[in-house]
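For reference, the chains in residue letters:
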Amino acid sequence: MKDRYLTIALGKGRLAKSAMKAFDLIGLPCDEMKNDTRKLIFTNDEKKVRFFLAKGPDVPTYVEYGAADIGIVGEDTILEENRNIYEVLDLGFGKCNMCIAGPKSSAELLKHREMIRVATKYPRIARDYFYNKKHQTVEIIKLNGSIELAPIVGLSEVICDIVETGTTLRENGLEVLETVCPLSARMVVNQVSMRMEDERITKIIRDMEQAVKSLA
Ligand code: PRP
């Protein structure tokens, strides 16, 4: 099995940069990826590893089906996608919180468990929070981005979204009303790959564990 390429899926965007830095540190660099290119897959022939960039929510899908052996993705996406994959390592970067946010005036609506509308990219997480944890009936509206717009234009009273620096909320006159859970980037592994490529994957997990400590 030594000659088989291990395939690693990285979620596009903020996490990919930190992930590449960590892979660099453990001796699995992929210099090709650092160039500005439209190429989708990048190979390190010496180490028999290939990387590809995918939309965050698609990473657990690639990993579940074995199209990628390993994935680097936010815990928010793992919770939302609920795929059959192993979550093997907290990478410590990409730290943020899943929050319920909105205008200050919505705090009262939350407090009194009013029937409100919640706009979110994360309907599963929002449903779990309101229905199972808070026992509050709400209407969940799925959006695909720029979630902060929803309460501003009157689509919803609150949003359920990730807050990292808080800048987007601040610049739009919104605030955190409740915190759902803290989040960070995770390494995930395909269940069959974990058995078939145990040695190589376990080494990557161990090395990554050390690398992210030095990045912290
Ligand atoms: C995410 C999230 C918030 C923002 C939070 O959006 O949905 O809008 O980042 O970050 P901040 O607290 O540092 O301002 P993203 O940039 O991923 O784009 P999106 O709006 O298309 O979801």
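Structure's up top.
## Quick word on the overall build of the protein
Phase 1 of the analysis: Regarding its fold elements, the protein presents 9 helices and 11 strands.
Phase 2 of the analysis: Expressed along its principal axes, the backbone C-alpha trace of the protein runs to roughly 60 × 35 × 30 Å.
Phase 3 of the analysis: For the protein, buried positions account for 45% of its 216 residues.

## Points about the sheet that holds strand 9 (residues 158-163)
Within a sheet, neighbouring strands are paired by backbone hydrogen bonds and run either parallel or antiparallel to one another.
Phase 1 of the analysis: An order of 8-7-9-6-10 is seen for the 5 strands of this open sheet, with the pairing classed as mixed. Two strands lie at the open edges of the sheet, namely strand 8 (139-142) and strand 10 (175-183), each paired on one side alone. Put simply, the sheet's adjacent strands are angled 25° from each other on average, direction ignored.
Phase 2 of the analysis: Across 7 bridges, strand 6 (residues 96-102) lies against strand 10 in antiparallel orientation. Paired with Cys-99 across the two strands is Thr-179, which belongs to strand 10.

## Considerations on the sheet that holds strand 3 (residues 49-54)
Phase 1 of the analysis: The sheet built from 6 strands is open, its strands ordered 2-3-1-4-11-5 with mixed pairing. Two strands bound the open sheet, and with one partner strand each, they are strand 2 (41-44) and strand 5 (86-90). Each strand of the sheet is rotated relative to its neighbour by a mean of 25°, with strand direction disregarded.
Phase 2 of the analysis: Two strands pair when backbone bridges link them, and strand 4 (residues 70-74) and strand 11 (residues 185-189) are joined in this way by 5 bridges, in the antiparallel orientation. By the bridge assignment, Ile-72 is partnered in strand 11 with Met-187.

Basis of the calculations
Residues numbered from 1 in each chain as written. Predicted model: local features only at pLDDT ≥ 70, side-chain atom pairs only at ≥ 80, totals over all residues. Heavy atoms only, no water. Helix = DSSP H or I, 4+ residues; strand = E, 2+ residues; numbered from the N terminus. Buried < 20%, exposed > 50% of the residue type's maximum accessible area, 1.4 Å probe, protein only. Pairing = 2+ DSSP bridges. Axes fitted to C-alpha atoms, helices over the stretch in contact; angles between N-to-C directions.

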